[in-house]
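A structural walkthrough
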Amino acid sequence: MLQKSMSSSSSSFCTLLIGLLFVVLLGGSLSHGQLRTTFYDTTCPKVSKIVRGIIKEALKKDARIGASLIRLHFHDCFVNGCDGSLLLNNSATIESEKEALPNNNSARGFGVVDDIKTALETACPATVSCADILAIAAEESVSLAGGPSWKVSLGRRDSTTANRTAAELLPGPTEDLPSLKKKFSNVGLDTTDLVALSGAHTFGRAQCRTFNNRLYNFSGSGNPDPTLNTTYLSTLKGICPQNGDTTVVTNLDLTTPDVFDNKYFSNLKVLKGLLQSDQKLFSTTGDETVAIVNKFTANQTAFFASFVVSMIKMGNISPLTGTAGEIRLNCGKVNDDCTGSDGLLYSST
Ligand code: HEM
Ligand SMILES: *[C@@H]1O[C@H](CO)[C@@H](O)[C@H](O)[C@H]1NC(C)=O
Ligand SMILES: *[C@@H]1O[C@H](CO)[C@@H](O)[C@H](O)[C@H]1NC(C)=O
Ligand SMILES: *[C@@H]1O[C@H](CO)[C@@H](O)[C@H](O)[C@H]1NC(C)=O
Ligand SMILES: *[C@@H]1O[C@H](CO)[C@@H](O)[C@H](O)[C@H]1NC(C)=O
Ligand SMILES: *[C@@H]1O[C@H](CO)[C@@H](O)[C@H](O)[C@H]1NC(C)=O
Ligand SMILES: *[C@@H]1O[C@H](CO)[C@@H](O)[C@H](O)[C@H]1NC(C)=O
């Protein structure tokens, strides 16, 4: 029963793929290797509204979900480009990125991505990629939290592979500034992008294990991180006692935890950044990041403008376009092969 209905939906996808290929050929060089904001204007005009609606609903039960969703886009884009590779589950051919250290028991929101995909498959079958869902969800999450909105560049396609090894190398909270800068420049992002995008820590949560190195014996000094405000230090010690549960979460922005604003930056100026990688942006004396933090603290409009520019840049990291990759029907798995010689489909599950 189940097998049969899966097969028929996959089969109509194969027909559709041929249709799409034709459109792409007619479109010629217009779409070649280039994302555009109008990509779904005729094929799925309501895509953003549908994504927004589902996030809005999810936010009622989980104030953190928008933050979780933008982080998925970041972790997708930094590993082999924005190709939805992060969303693939383990399988015979996939060693999932979800289980890499920076993601395992940390990356979240996959269920909401699946809900979005299901709604989009009903509204516009086999049209919107999972990689684009993450890009749209990131934008809608920011705007729903009071941040800027922008026109999202679209037309990404989904990978058929994942790379756990590359996901292990995602930027980590105890890395120093030169190392973080290097990881950003490796994907074409500069220091302003690093500071602006770190501003996404204006909402969402982090587990004790991601910052408790700062609380008791920082770098083997026997003392806490000196760039941690002592008032905030006491609060954090209460939340994350020594030898306590390191999966307990706290707000990344203690001032306005669920609002997308520039309080993340003003927090850094009074030594109230949660992660070491956050505080370094202000506390690395002499670094160009300090002036950028000062500017974003003084002028939220400037932060929002930079954030939008940097998000679009991040969303442009080596996407699959044209006929590369596929439009996954289920974000958690690669499409079934649809070239069965007897015209029937065989699910691998
Ligand atoms: C600069 C390098 C970065 C480092 C080292 C870093 C590190 C982290 C860590 C350790 C967490 C907490 C995860 C957990 O405890 O489970 C986190 C959460 C988060 N990160 Fe980053 N991050 C960085 C950049 C970014 C960027 C570029 C974005 C998006 C544009 C982003 C968005 C978020 C959000 C929204 C959360 C909260 C997620 C939630 O509540 O589920 N981060 N990050
Ligand atoms: C991911 O976390 C789970 C526990 O939730 C653990 O069983 C699994 O081994 C971890 N995966 C990797 C690759 O470490
Ligand atoms: C996976 O990522 C690692 C680390 O970036 C890289 O060395 C390796 O070549 C990648 N593997 C594939 C199959 O692309
Ligand atoms: C702090 O860590 C260092 C190095 O790991 C260790 O030698 C020292 O005993 C620790 N100090 C305290 C107070 O735990
Ligand atoms: C620590 O935070 C308090 C407010 O809670 C602030 O008055 C003080 O200036 C901060 N300390 C530093 C060193 O920034
Ligand atoms: C704040 O930044 C915006 C955008 O960059 C700029 O147009 C505006 O003049 C700035 N405002 C102030 C008071 O500097
Ligand atoms: C992927 O794994 C998640 C969590 O285990 C599960 O909810 C989801 O249904 C899986 N998706 C597929 C396609 O197997």
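Residues numbered from 1 in each chain as written. Chains lettered and ligands numbered in written order. Predicted model: local features only at pLDDT ≥ 70, side-chain atom pairs only at ≥ 80, totals over all residues. Heavy atoms only, no water.

**So, the side chain of S310**
Which entries qualify depends on this criterion: Comment: elements are numbered from the N terminus, with helices defined as DSSP H or I runs of at least four residues and strands as E runs of at least two. Residues count as neighbours in contact if any of their non-hydrogen atoms are within 4.5 Å of one another.
Turning to its location among the elements, S310 is positioned in helix α13 (residues 300–315). Other than its neighbours up to four places away in sequence, S310 contacts T192, D193, A196 and L197.

**Section: the UniProt feature "binding site: substrate" (unreviewed entry) in the protein chain**
Counted only if it meets this: UniProt positions are given in the numbering used here, feature names are shortened, and annotations may be inferred rather than shown by experiment. Using a 1.4 Å probe on the protein chains alone, a residue whose accessible area is under 20% of its type maximum counts as buried, one over 50% counts as exposed, and one in between counts as partly exposed.
Within this structure's numbering, the places UniProt gives as "binding site: substrate" (unreviewed entry) are P171. Inspection of the secondary structure assignment puts P171 in the loop between α6 (164–168) and α7 (177–185). With relative accessibility at 17%, the residue P171 sits in the buried group. Setting aside anything within four residues of it in sequence, one finds P171 in contact with F74, F78, L180, K183 and F184.

**A closer look at the site of ligand 5**
Rules: A molecule or strand has a residue near it when one of that residue's heavy atoms lies within 4 Å. Here a polar contact means two N or O atoms within 3.5 Å. Within protein one must be a hydrogen donor candidate and the other an acceptor candidate, and residues neighboring in sequence count only if both atoms are side-chain atoms. Accessibility throughout is a Shrake-Rupley quantity obtained with a 1.4 Å probe, and a residue counts as covered only by protein chains that appear here. Gly is put with the polar residues, along with every residue not named as nonpolar or charged; the nonpolar set is Ala, Val, Leu, Ile, Met, Phe, Trp, Tyr, Cys and Pro, and the charged set is Asp, Glu, Lys and Arg.
For ligand 5, the full set of nearby residues is N229, V270, L271 and K272. One of the side-chain nitrogen or oxygen atoms of N229 is found 2.3 Å away from an oxygen atom of ligand 5. Between ligand 5 and the protein, one listed contact pairs an oxygen atom with a backbone N or O atom of V270 at 3.5 Å. In the complex, the protein chains occlude 43% of the 360 Å² of accessible area that ligand 5 would expose alone. Looking at the shell around ligand 5 residue by residue, the class counts come to 2 nonpolar, 1 polar and 1 charged.

**Some words on the UniProt feature "binding site: Ca(2+) 1" (unreviewed entry) in the protein chain**
The feature "binding site: Ca(2+) 1" (unreviewed entry), as annotated in UniProt, sits at D76, V79, G81, D83, S85 and E97 in this numbering. Their sequence span is 22 residues, while the largest C-alpha to C-alpha distance among them is just 12.9 Å; these annotated residues converge on one region. Checked against the element boundaries, G81 lands in the loop between α3 (65–77) and α4 (110–123). Overall, the relative accessible area of 3% leaves G81 in the buried class. Setting aside residues up to four positions removed in sequence, G81 forms contacts with D76, I317 and S318. Structurally, the position occupied by S85 is in the loop between α3 and α4. Excluding residues within four positions of it along the chain, S85 makes contact with D76, V79, E97, S159, T161, A162 and R328.

**Observations concerning the nonpolar core**
What counts here: Only buried residues count toward a nonpolar core. Its members are Ala, Val, Leu, Ile, Met, Phe, Trp, Tyr and Cys residues joined through side-chain atoms within 4.5 Å. The source of the domain bounds is an automatic or database domain assignment.
Formed by 71 residues in total, the largest nonpolar core has its most connected members in L120, F307 and M314. With 8 residues, helix α5 (residues 130–144) is the single largest residue contributor to this core. Both of domain 1 (3–169 + 317–347) and domain 2 (188–314) provide at least three residues apiece to this core. For F307, the residues in contact, after removing those within four places along its chain, are I70, V142, P148, W150, A196, L197, A200 and F260. Membership of the second largest hydrophobic core comes to 13 residues, among which are F211, L236, C240 and L252.

**Focus on the state of the cysteines**
We count it as follows: Cysteine sulfur atoms that pair up within 2.5 Å are treated as a disulfide.
Tallied over the entire structure, the rule returns 4 disulfides. The disulfide partner of C44 is C124, and the S-S distance across this bridge is 1.8 Å. Taken together, the residues span a long stretch of sequence, with C44 in the loop between α1 (2–27) and α2 (47–61) and C124 in the loop between α4 and α5 at a distance of 80 residues. The residues C44 and C124 share a single accessibility class, namely buried. A sulfur-sulfur separation of 2.1 Å characterises the disulfide bridge that pairs C130 with C331. When the S-S torsion is -90 degrees, as for the bridge of C130 with C331, the disulfide is left-handed. Highlighted residues: C130 in helix α5 and C331 in the segment after α13, separated in sequence by 201 residues.

**Focus on the packing of aromatic side chains**
Heads up, the rule is: Two aromatic rings from Phe, Tyr or Trp, using only the six-membered ring of Trp, form a pair when their centres are within 6.5 Å; if the ring planes differ by under 30 degrees the pair is stacked, by over 60 it is edge-to-face, and anything between is tilted. Working rule: Lys NZ or Arg CZ, within 6 Å of ring centre, within 35 degrees of ring normal, means a charge sits over the ring.
Here the structure, examined in full by the defined rule, presents 14 aromatic pairs. Ring centres of F78 and F184 lie 4.9 Å apart, and the angle between their planes is 65 degrees; on these two criteria the pair is classed as edge-to-face. Here F78, found in the loop between α3 and α4, pairs with F184, found in helix α7; they are 106 residues apart in sequence, far enough to count as distant. On the basis of relative accessibility, which here comes to 6%, the residue F184 falls in the buried class. Taken together, a centroid distance of 5.4 Å and an interplanar angle of 90 degrees make the contact between F203 and F260 edge-to-face. Separated by 57 residues along the polypeptide, F203 in the loop between α8 (191–198) and β1 (205–207) and F260 in the loop between β2 (249–251) and α10 (263–269) bring together distant segments of the chain. We note that F203, like F260, is buried. An aromatic cluster is built from W150, F203, F260, Y264, F265, F296, F303, F304 and F307, whose rings are joined through pairwise contacts. Of note, K98 hangs over the ring of F110, and the distance from its end group to the ring centre comes to 4.3 Å.

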